[in-house]
Amino acid sequence: MTATNRPEIVIVGAGVAGLVLALELHDAGIPCRVYESVPEIRALGVGINVLPHAGAVLGQLGLEADLSAAAVLTRESVFFTRFGQLAYREPAGRDAGYPDPQYSIHRGDLQAVLLSAVRERLGPDAVVTGHTCTGTRDEDGHVTAEFRTADGAVVRVRGDAVIACDGVNSVIRKQLHPKEGEPRYSGVTMWRGVTVWEPFLSGGSMVRIGWLDKGKLVIYPIRDNVDAQGRQLVNWVAERETPQRTDRDWIRQGELADFASAYADWHFDWLDVPAFLEATDTVLEYPMVDQEPLDWWTAGRVTLLGDAAHPMVPRGSNGAGQAVLDARALRTALVEEPDVRSALQAYEHKRRPATAAVVRTNRANPPDAILREVSRRSGDRPFARIEDVISREELAAISDGYKNVAGYALGTP
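Notes on the structure follow. Since this is a predicted model, take the numbers as computed values, not measurements. (Residues numbered from 1 in each chain as written. Predicted model: local features only at pLDDT ≥ 70, side-chain atom pairs only at ≥ 80, totals over all residues. Heavy atoms only, no water.)

This paragraph deals with the overall build of the chain. Within the chain, the secondary structure is distributed over 10 helices and 18 strands. The C-alpha atoms of the chain give 21 Å as radius of gyration, which agrees with the globular expectation for 413 residues (22 Å, within 12%). Taken over the C-alpha atoms alone, the chain extends approximately 70 × 45 × 45 Å along its principal axes. Each of the 413 residues in the chain was classed as buried or not, and the buried ones make up 57%. Contacts in the chain between residues at least 24 apart in sequence constitute 73% of all its contacts with a sequence separation of at least 6. In the form shown here, the chain has an accessible surface area of approximately 17100 Å², with 48% of it arising from carbon and sulfur atoms. Side chains of the chain carry 45 positive and 56 negative charges; the gap between the two charge centres is 3 Å. (Helix = DSSP H or I, 4+ residues; strand = E, 2+ residues; numbered from the N terminus. Rg over C-alpha atoms; globule rule 2.2 N^0.38 Å. Buried < 20%, exposed > 50% of the residue type's maximum accessible area, 1.4 Å probe, protein only. Contact = heavy atoms within 4.5 Å. Areas by Shrake-Rupley, 256 points an atom, 1.4 Å probe, with all protein chains shown as cover. Lys, Arg positive; Asp, Glu negative; His and termini not counted. Charge placed at Lys NZ, Arg CZ, Asp CG, Glu CD.)

Given below as structure tokens:
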């Protein structure tokens, strides 16, 4: 596709997926604009992990310095039993030999870095807020996205393609697949929060503790030096098995009392978990749900990207990473394929099977499966040596198997 014949792309959603796509398209010389439903983009949510394969793409977009300043560079992944016994440890990011970092970052900080770059490079009007997408329609060799503004006005925007980056509650996904049905519940609810705390372990450790039947916890720092004492902002996720639920509201308020009893005796030499949880100001509650992978994403000049295309349970720290890879793949397809509709099909052909594999692996054998196997083989009891329970080679195979599916194992293209 020549520079004088670039398509104009309408991006629906200014989350991580939409903003990275805007940067990719701008870098390729493809005009685009992002439309977001909220009237003002604010720092919401909690922590997020950006794995090395996505870190490489963001680095190529010139974002490494800004991300490194905002994030904590992840140095290791560490797995403990609920008794505080070390089960497995491996380096992460550059410490593991990857050429690019692994970032642990507040979702709001990541979005702020991306938004600032979009407005600086594409212009202050590149992101239009207060526009809620209500649907799309193909017409006359173009596609029109319809939006409703806060005052009730209807705005129609015509482009050569519409890319749905509008998240797990995507309106456009519902339009393309109106009979899809409810999300698939994993049987687990997550409670999430952030706590200001002293650095622990390496100061860049992503820690997973315990297993679901007795309570599981994921903890990692996402900001350095947040006060004069040099403390960090630490993200945590508590997981418990709970009755059926499928509501998907990322900012639903939760209560510490609903889950904290499972961790009441988790006093480790490197972290007092009850005190750590009590020091949290706000708790968010969210069911761990995904959707069965779709048979198709693309209809004419409309396609899905990121969580709108492949919502997944967050057990592999890979949701944001897969959205970044989607954006790179779509950019490549639009550059290489002169027909927009064919380009969207080429993008889907590359990314849909890959992301479906990640969705299914996150259900069955994510990195957390290390703790499942240790719990099962030890009878959920303390052990003298981990080698008496399971070999390091078996634990490494679980970790490496996930990396191969997720696309960031060392040595993969």
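Next, the rest of the story.
Let's shift gears to the sheet that holds strand 17 (residues 284-290). Spatially, the seven strands line up as an open sheet ordered 6-5-14-15-16-13-17, and their pairing is mixed. Edge strands, defined here as strands with exactly one partner in the open sheet, are strand 6 (86-91) and strand 17. Across the sheet, the axes of successive neighbouring strands diverge by a mean angle of 20 degrees, strand direction being ignored. Sheet topology places strand 5 (residues 76-80) next to strand 14 (residues 205-211); five bridges connect them, and they run parallel. From the neighbouring strand, Phe 80 faces strand 14, where its bridge partner is Ile 209. (Pairing = 2+ DSSP bridges. Axes fitted to C-alpha atoms, helices over the stretch in contact; angles between N-to-C directions.)

It is the contact of helix 8 (residues 340-364) with helix 10 (residues 392-406), at a shortest axis distance of 9 Å, that shows an interaxial angle of 155 degrees. One finds that helix 8 runs roughly antiparallel with respect to helix 10. Residues Ala 357, Val 358, Thr 361 and Asn 362 of helix 8 touch helix 10, and the partners they reach there are Tyr 402, Val 405 and Ala 406. Split into classes, the residues belonging to the contact of helix 8 with helix 10 amount to five nonpolar, two polar and no charged. (Parallel < 35°, antiparallel > 145°, perpendicular 65-115°, else oblique. Nonpolar A, V, L, I, M, F, W, Y, C, P; charged D, E, K, R; others polar.)

What follows concerns the packing of aromatic side chains. For the coordinates displayed, the defined rule picks out 13 aromatic pairs. Ring centres 5.7 Å apart and planes at 35 degrees place the aromatic pair Trp 236 and Phe 259 in the tilted group. Residue Trp 236 is located in strand 16 (residues 232-241), and its partner Phe 259 is located in the loop between strand 16 and helix 6 (273-278); the two are separated by 23 residues in the primary sequence. Judged by relative accessible area, which is 0%, Trp 236 ranks as buried. The class of Phe 259 is buried, set by a relative accessible area of 0%. (Phe/Tyr/Trp six-rings, centres within 6.5 Å; stacked < 30°, edge-to-face > 60°.)

A separate point is the side chain of Asn 362. By the secondary structure assignment, Asn 362 is in helix 8. At a separation of 2.7 Å, a polar atom in the side chain of Asn 362 contacts the side chain of Tyr 402. Not counting residues within four places of it along the chain, the set of residues in contact with Asn 362 comprises Met 312, Val 313, Arg 315, Gly 316 and Tyr 402. (Polar contact = N/O pair within 3.5 Å; in protein donor to acceptor, adjacent residues only side chain to side chain.)

Attention now moves to the pairing of strand 17. Counted residue by residue, strand 17 has seven buried out of seven residues, so it is predominantly covered. Bridging between strand 13 (residues 184-197) and strand 17 involves six bridges; their strand directions are antiparallel. Each bridged residue has a counterpart across the sheet, and for Trp 191 the counterpart in strand 17 is Glu 285.

On to helix 2 (residues 52-60). With respect to burial, helix 2 is a largely interior element, seven of its nine residues being buried. Every buried residue of helix 2 is listed here: Pro 52, His 53, Ala 54, Gly 55, Ala 56, Val 57 and Leu 58. Backbone geometry just after helix 2 places Gly 62 at a positive phi near 80 degrees.

With 16 residues, helix 4 (residues 107-122) extends 22 Å from end C-alpha to end C-alpha; this agrees with the ideal 22 Å at 1.5 Å per step. Buried within helix 4 we find Gly 108, Asp 109, Leu 110, Gln 111, Val 113, Leu 114, Leu 115, Ala 117 and Val 118. Directly beyond the C-terminal end of helix 4, a positive phi value near 110 degrees is found at Gly 123. (Expected span 1.5 Å × (residues − 1).)

The strand order across the open sheet built from three strands is 9-10-11, with neighbouring strands paired in antiparallel fashion. Of all strands in the sheet, those bounded by a partner on one side alone are strand 9 (131-139) and strand 11 (154-159). The average undirected angle you get between the axes of adjacent strands in this sheet is 25 degrees.

A separate point is the nonpolar core. Among the nonpolar cores identified, the biggest contains 71 residues, and Ile 9, Ile 11, Leu 21, Leu 63, Leu 114, Ile 163 and Ile 172 are the most heavily contacted of them. Sorting elements by how many residues they give to this core places helix 7 (residues 319-336) first, with nine residues. Ile 163 has contacts with Ile 9, Val 10, Ile 11, Val 12, Leu 21, Thr 303, Leu 305, Leu 330 and Leu 344, leaving out every residue within four places of it along the chain. Among the nonpolar cores identified, the runner-up in size contains 30 residues, and Tyr 185, Val 218, Val 389 and Ile 398 belong to it. (Core = buried A, V, L, I, M, F, W, Y, C linked by side-chain atoms within 4.5 Å.)

Here the focus is the environment of Glu 24. Structurally, Glu 24 is set in helix 1 (residues 16-27). Accessibility expressed as a relative area gives 0% for Glu 24, which makes it buried. Look past the residues within four positions of Glu 24 in its chain and what remains in contact with it is Val 57, Leu 61, Ala 327, Arg 328 and Arg 331.

Moving on to the pattern of salt bridges. Applying the stated rule across the entire model yields 30 salt bridges. Close ionic contact of Asp 95 with Arg 75 constitutes a salt bridge, the shortest N to O distance being 3.2 Å. In this pair, Asp 95 is assigned in the loop between strand 6 and strand 7 (103-106) and Arg 75 in the loop between strand 4 (72-73) and strand 5, connecting sequence segments 20 residues apart. Between Asp 290 and Arg 363 there is a salt bridge whose closest N-O contact spans 2.8 Å. Of this pair, Asp 290 sits in strand 17 while Arg 363 sits in helix 8, and the two are 73 residues apart along the sequence. Bridged by salt links that share partners, the residues Arg 372, Glu 373, Arg 376, Arg 377 and Glu 394 form one connected network. (Salt bridge = Lys/Arg side-chain N within 4 Å of Asp/Glu carboxyl O.)

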